[in-house]
Amino acid sequence: REVGNPALGINATNDYMAGTGHHNFAYADGEIIAVYHAHANPVCPHDEQGRFLGRVIAVDKMHFVRNEKLGYDILVGNGPTASVQPNARVNSKFVNKANLARVSSNALSGEEYLTDDVFTTQVFDWDKEARFEGEAKIRLEFDSVQTVKAVMVYNSADYKYAFKSVDEIVYTLDNGEQVYVSGVKCDENNVNTDKKFMRQGGSAIAVTKPLKVKAIDITVSKKYDKENSEIRISDIAVLCRK
């Protein structure tokens, strides 16, 4: 299989999505959105009488991303996912504005991937994650005040480097006050600890009342896998008023 395939499709660790196909693309408000179908039950698509349980509609976002091995941009999908994702920009009051922030961190490498709006799914892109040793400390600073409703910290696609929770998110408000949110757990539905793999597209999500924010500090240190101390973060979405 050539580098860059599939753009959106199941992989070897996938136990949450099956029967993907018959897709279409929608272009709206600067986003490429893939609409496709999948089996309603990815593990057992038929009941005890052998009757097909049907399909569901799935929606994920697509991006054109530079591939250095090929030397040009290729289509990359944020999916397939069975996890909570931001609404499409065209019909949402709150949209991801993480790319507007100045990012500083203690990352060993990959800091540029923290706010590129792409989380890792397919194996050929698993290296496009921010790498940290022991503890991740990330600061996002905005030039203008943003009304923030939610922060999504996307996990590594690789169980070995995945975090179990976000220790703390600190919001610095426009008046200088700070709001603290601690112990933001990852959804247990996005990980299989018995088989030691991640269901890609999972994140730790902090939802608050709308806050007038100038900066956000994120700390992550807790992992599923204790055999190494490296933590990787795939992406951060900051949902702000449009």
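Read on for an overview of the structure. (Residues numbered from 1 in each chain as written. Predicted model: local features only at pLDDT ≥ 70, side-chain atom pairs only at ≥ 80, totals over all residues. Heavy atoms only, no water.)

## Digging into the sheet that holds strand β3 (residues 55–67)
Sheet architecture is open: four strands sit in the order β1-β2-β3-β4, paired in antiparallel fashion. Each having just a single partner strand, β1 (21–28) and β4 (72–77) make up the two edges of the open sheet. Each strand axis lies, on average, 30° off the axis of its neighbour in the sheet, ignoring direction. Direction of pairing for β1 relative to strand β2 (residues 31–39): antiparallel, over a ladder of six bridges. Across the sheet, residue Ala26 finds its bridge partner in β2, namely Ile33. (Pairing = 2+ DSSP bridges. Helix = DSSP H or I, 4+ residues; strand = E, 2+ residues; numbered from the N terminus. Axes fitted to C-alpha atoms, helices over the stretch in contact; angles between N-to-C directions.)

## Considering the pattern of salt bridges
Under the counting rule described, the total for this entry stands at 15 salt bridges. Where Asp125 meets Lys128, a salt bridge forms, and the shortest distance between an N and an O atom there is 3.4 Å. Both residues of the pair, Asp125 and Lys128, belong to the buried class. Of the charged contacts in the structure, one is a salt bridge between Asp217 and Arg139, with a shortest N-O distance of 2.4 Å. On the criterion of sequence distance, the pair formed by Asp217 in strand β13 (residues 203–220) and Arg139 in strand β8 (residues 136–155) is long-range, its members being 78 residues apart. On the basis of relative accessible area, Arg139 is assigned to the partly exposed category, the value being 26%. (Salt bridge = Lys/Arg side-chain N within 4 Å of Asp/Glu carboxyl O. Buried < 20%, exposed > 50% of the residue type's maximum accessible area, 1.4 Å probe, protein only.)

## Side note on the layout of surface pockets
Approximately 500 Å³ is the volume attributed to the largest pocket. Lining the largest pocket are 26 residues, with Glu31, Lys61, Pro86, Asn87 and Asp117 positioned closest to its centre. If you list the elements that add at least two residues to the lining of the largest pocket, you get β2, β3, β5 (94–96) and β15 (230–241). With five residues, the top contributor of residues to the lining of the largest pocket is β3. Residue composition of the lining of the largest pocket, by class: eleven nonpolar, nine polar and six charged. (1 Å grid on protein atoms, 1.4 Å probe; cavity = no way out; pocket = protein on both sides within 12 Å on 5 of 7 lines; lining within 4 Å. Points joined across faces, edges and corners; volume = space filled by probe spheres on them. Nonpolar A, V, L, I, M, F, W, Y, C, P; charged D, E, K, R; others polar.)

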